[in-house]
Amino acid sequence: MLESEQESNTNKSSRQLMCPSAETEMDDSVIFGMVVGSVTAPKLVHFDRVKQIPPALLALESPVRATEIFRIAATCIEHGCEHFDGENCRLTSRIIAELPTVTEQIPACPIRSTCRWWHQEGVPACQRCQQVVRDNYYVSQPLYDAANVDVYHETSDLET
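In this report, we go over the structure that sits alongside the text. Here the residue numbers are simple positions, counted from 1 along each chain's written sequence. Where totals are concerned, whole chains, interfaces and linings use all residues; where local detail is concerned, this predicted model gives features only for residues with pLDDT of at least 70, and gives and counts side-chain atom pairs only at 80 or more. The basis for the side-chain values is all heavy atoms of the structure; hydrogens and waters are excluded.

**Points about the pairing of strand 2 (residues 30-37)**
One ladder, built from 7 bridges, connects strand 2 with strand 3 (residues 42-52); its direction is antiparallel. Paired with Gly-33 across the two strands is His-46, which belongs to strand 3. In this description, strands pair whenever DSSP reports at least two bridges between them. Numbering of helices and strands runs from the N terminus; a helix is a DSSP stretch of H or I covering at least four residues, while a strand is a stretch of E covering at least two. Between strand 2 and strand 3, which pair antiparallel in sequence order, lie 4 residues. Sheet analysis places strand 2 next to strand 4 (residues 70-75), joined by 4 bridges and oriented antiparallel. If you follow Gly-33 over to strand 4, its bridge partner there is Arg-71.

**Re empty space enclosed by the protein**
The probe, sized like a water molecule, is rolled over the atoms to show the empty space still left. Buriedness for pockets is judged along seven lines, at least five of which must meet protein on both sides within 12 Å for an open set on the 1 Å grid over protein atoms alone, while cavities are sets there where a 1.4 Å probe fits but cannot get out, and lining residues have an atom within 4 Å of a point. Grid points are joined across faces, edges and corners, and a volume is the space filled by probe spheres set on the points. Under the counting rule described, the total for this entry stands at 2 cavities of 30 Å³ or more. By volume, the largest cavity amounts to about 90 Å³. If you trace the largest cavity, you find it lined by Phe-32, His-46, Pro-107, Cys-109, Ile-111, Arg-112, Cys-115, Trp-117, Trp-118, Ala-125, Cys-126 and Cys-129. Listed by contribution, the elements that provide at least two residues to the lining of the largest cavity are helix 5 (116-121) and helix 6 (123-129). If one sorts the elements of the lining of the largest cavity by residue count, helix 6 sits on top with 3 residues. Residue type decides the class: Asp, Glu, Lys and Arg count as charged, Ala, Val, Leu, Ile, Met, Phe, Trp, Tyr, Cys and Pro as nonpolar, and the leftover types, Gly among them, as polar. Each residue belonging to the lining of the largest cavity can be placed in one class, and the counts come to 10 nonpolar, 1 polar and 1 charged. Here the second largest cavity is characterised by a volume of approximately 30 Å³. A per-class count over the lining of the second largest cavity returns 4 nonpolar, 2 polar and 2 charged.

**Comments concerning the environment of Val-36**
With respect to the element layout, Val-36 can be found in strand 2. As for Val-36 and Glu-68, which are separated by 32 residues in sequence, their C-alpha atoms are 9.9 Å apart.

Listed below in structure tokens is the structure:
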């Protein structure tokens, strides 16, 4: 069922797709899960539905930022993001290449039908999603490597 669900959703306009690693101030941002576990081993627990971001949470900067404890989704800004290559999100491609799977059974997810990572990579993205925390001060080397946008510039420099 998941593969057929993915196939039926691949025709969505990419403007309707959501980034599952968004900031709170991005357009149409919603909370879709909470980060639990420890600083060294965080784990995303998906909500059963998306939730609007409470205004008080938007103002939260200390002692933690909202993106340290919640996963935020928002409309993908495509060319406004360094991870976007004009067609795909390189972040999810790199997450799949750099990070191990953390689950064989993909969790129920309230944004899957509109998730850019799901539409682009399918099950492998979902198998790694639970370990991604946007603002994490104890980042594993593989996650740091996957999220590091400097590699795109290094590649560009080598091509010129």
